[in-house]
Amino acid sequence: MEPATENEWDRLSSSSSDGEEQAASDGSSSQFNRQQHVAFLMMMYESLPHHYQYQEINRITLAHFAISGLCLLGALDRVRVDKDAVSDWVLSLKAHPSNKADLTNGEFYGFHGSPSSQLHPDDNGVLMHNGSNLASTYCALAILKAVGYNFANIDSKSILTSMRNLQQHDGSFMPIHFGAEKDLRFVYCAAAICFLLEDWSGMDRERAKAYILNCQFVQHILCIYADIPLMLLLQSYDGGFGLTPGSESHGGGTYCAVASLRLMGFIEDNVLSKNMSSSIIDLPLLLSWCLQRQAADGGFQGRANKPSDTCYAFWIGSVLRMLGGYNLIDKEALRGFLLTCQSQYGGFGKCPGDLPDLYHSFYGYTAFSLLEEPGLNPLCAELGMTEFSALGI
Ligand SMILES: [Zn+2]
């Protein structure tokens, strides 16, 4: 969830040489090759290729894609994954306050992205450097859910109490306590963390809603004249959401906005079947923007005039699923596009012919789950993980 621009949004994908990409372009198939995908994820689980070296700091995110991907494929119980070892590794990345007073010292005590972002413990066993952040904490909890860890054993109070240190006056969240960009990605992570820990004391939901809430272009002008803070304006004139107030509508930002509002209880499930005029966002405009993102090749684009990309079948497809408008897309065309991004080695690339990477593979699986591919577990769209992991159903 960390990347902001479209290119950065895809930064978690592994780079590959042009020559290798050519070789993979012949691998598309007319079928979802589940067994090959399981083999691909197991290979990633056991040993990451060197292309991922520069992403070492995001190792927990990569682990989430592999473990939660196996869960989506319905394979986690049938492969050589030591669930206890996985949960022990994840828990080793937790930042711990040295005492209760630390919880209000301005720092966040969530999960680190990798062992290298933790320094050695001092004489009392306390790690001296705290680089824990919201995105890594979301991924940690997603993995722990996937392997069936008992959440009663998690020190949720230290996470939630210190998470309030990250919420800003305007309702947005910083990802880490020593500052960084603030936008919808981290509002979403905070909402997902509270939902998974079943405790909303970690955030001020009304303030977060105020950050997300939006108005149309005409209202935007009115708001300026009426001296309404620009921070309240996130839905763009075209109906989508930008990552920050006033920025261009974007598939990832729109997902974060709608999923956060769903998790916080401000939008009903399948709201399009109900009285849309009572909604806090402009649903017809949002629906129109989402549907227009399905391109002529059947895939979804993240923004207007951009090429189709595997991952937006999740980001925008999930928004449509949450709103109740998923049946309005051309599913066969989407399936056809996604299969052109499927590698003969297992996994999905960003675009047709690209080599597979963990990021696009995971979101390819979520997209096929939305398409109800046989053998895949149902997806909880607002949490980006299986319904069984998220809700126990
Ligand atoms: Zn992408």
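Residues numbered from 1 in each chain as written. Predicted model: local features only at pLDDT ≥ 70, side-chain atom pairs only at ≥ 80, totals over all residues.

Novice: Hey, could you run me through the overall build of the protein chain in this one?
Specialist: Summing up its helical and strand segments, the protein chain has 16 helices and two strands in all. For the protein chain, with 393 residues in total, the buried portion stands at 49%. For the protein chain, the proportion of contacts with a sequence separation of at least 24, taken over those separated by at least 6, is 66%. (Helix = DSSP H or I, 4+ residues; strand = E, 2+ residues; numbered from the N terminus. Buried ≥ 20, exposed ≤ 12 C-beta atoms within 10 Å, placed from the backbone. Contact = placed C-beta atoms within 7 Å.)

Novice: Can you help me understand the packing of helix H4 (residues 59-72) against helix H6 (residues 134-146) in this one?
Specialist: Packed helices, taken two at a time, are described by the angle between their axes plus the distance between the axes. Taken N-terminus to C-terminus, the directions of H4 and H6 make an angle of 30°; their axes are 9 Å apart at the nearest point. When the interaxial angle is binned, H4 and H6 end up roughly parallel. In this structure, H4 meets H6 at a crossing whose hand is left-handed. Contacts between H4 and H6 pair Ile60, Thr61, Ala63, His64, Ile67, Ser68 and Cys71 from the former with Ala135, Ser136, Cys139, Ala140, Ala142, Ile143 and Ala146 from the latter. (Axes fitted to C-alpha atoms, helices over the stretch in contact; angles between N-to-C directions. Parallel < 35°, antiparallel > 145°, perpendicular 65-115°, else oblique. Left-handed = near helix turned anticlockwise from the far one by under 90°.)

Novice: Where do I start with the nonpolar core in this structure?
Specialist: It is characteristic of soluble globular proteins that their nonpolar side chains tend to be buried jointly. In terms of nonpolar packing, the biggest core is built from 106 residues, with Ile143, Val187, Ala190, Ala191, Ala192 and Ile193 touching the most fellow members. Among residues more than four places away in sequence, those in contact with Ala192 are Tyr138, Leu263 and Leu383. (Core = buried A, V, L, I, M, F, W, Y, C linked by C-beta atoms within 7 Å.)

Novice: When you look at the environment of Ile67 in this model, what are you seeing that I'm missing?
Specialist: By secondary structure assignment, the location of Ile67 is in helix H4. Distance in space between the C-alpha atoms of Ile67 and Tyr45 is 7.6 Å, their sequence separation being 22 residues. Residues contacting Ile67, with those up to four places away along its chain left out, are Val86, Ile143, Ala146 and Val147.

Novice: Which parts of the structure should I look at to understand helix H15 (residues 358-370)?
Specialist: Residues separated by three or four positions in an α-helix point in the same direction, a consequence of the helix having 3.6 residues per turn. Given a rise of 1.5 Å per residue, 13 residues ought to cover 18 Å, and the 18 Å separating the end C-alpha atoms of H15 matches this to within 8%. Burial runs high along H15: 13 of the 13 residues are buried. Two residues or fewer past H15, Glu372 is found with a positive phi of approximately 60°. (Expected span 1.5 Å × (residues − 1).)

Novice: Got a minute to help me understand the confidence of the model for the protein chain in this structure?
Specialist: Mean pLDDT over the protein chain stands at 86; residues scoring 70 or higher make up 83%. Overall, residues 1-26 carries pLDDT values under 50, and its contacts beyond four positions in sequence, including any with other chains, amount to 49 contacts. Across residues 224-232 the pLDDT falls below 50, and counting only partners more than four positions away or on other chains, this stretch makes eight contacts in the model. (pLDDT = per-residue confidence, 0-100.)

Novice: Mind showing me how you'd approach the environment of Cys341 here?
Specialist: One can find Cys341 in the loop between helix H14 (331-340) and H15. Beyond its immediate stretch of four places on either side in the chain, Cys341 contacts Thr310, Phe348, Gly349, Cys351, Pro352, Asp354 and Gly364.

Novice: Could you clarify how one ought to interpret unusual backbone geometry in this entry?
Specialist: Residues other than glycine predominantly adopt negative phi, and peptide bonds predominantly adopt the trans conformation. Phi angles above zero are rare outside glycine, and Glu198 is one such case at about 55°. Looking at where Glu198 falls in the secondary structure, it is placed in the loop between helix H8 (184-197) and helix H9 (205-212). One non-glycine residue, Glu372, lies in the positive phi region at around 60°. In this fold, Glu372 is placed in the loop between H15 and strand S1 (379-380).

Novice: Got a minute to help me understand helix H3 (residues 34-46) in this structure?
Specialist: Relative to the 18 Å expected for 13 residues at 1.5 Å per residue, H3 spans 18 Å between its end C-alpha atoms, a close match to the ideal helical length. For H3, the set of buried residues is His37, Phe40, Leu41 and Met44. Taken around the axis of H3, the buried residues stretch over an arc of 95°, which confines them to a single face. H3 presents Gln35 and Glu46 as exposed residues on the side facing more than 90 degrees away from its buried surface. Those residues of H3 hidden inside the fold are in contact with H4 and H15. (Arc of directions from axis to C-beta.)

Novice: I tried to follow the packing of H8 against H9 on my own but got confused; where do I start?
Specialist: It is at 11 Å that the axes of H8 and H9 come closest, and there the two elements cross at 150°. When the axis of H8 is compared with that of H9, the two are roughly antiparallel. Between H8 and H9 lies a crossing of left-handed hand. Residue-level contacts link Leu184, Val187 and Ala191 of H8 to Ala208, Tyr211 and Ile212 of H9. In terms of residue class, the contact of H8 with H9 is built from six nonpolar, no polar and no charged. (Nonpolar A, V, L, I, M, F, W, Y, C, P; charged D, E, K, R; others polar.)

Novice: Looking at this structure, I do not really get the environment of Arg164. What am I missing?
Specialist: In this structure, Arg164 sits in the loop between helix H7 (156-163) and H8. The sequence separation of Arg164 and Gly202 amounts to 38 residues, and the corresponding C-alpha distance is 5.3 Å. Once you skip the residues sitting within four places of it in the chain, Arg164 turns out to touch Gly202 and Met203.

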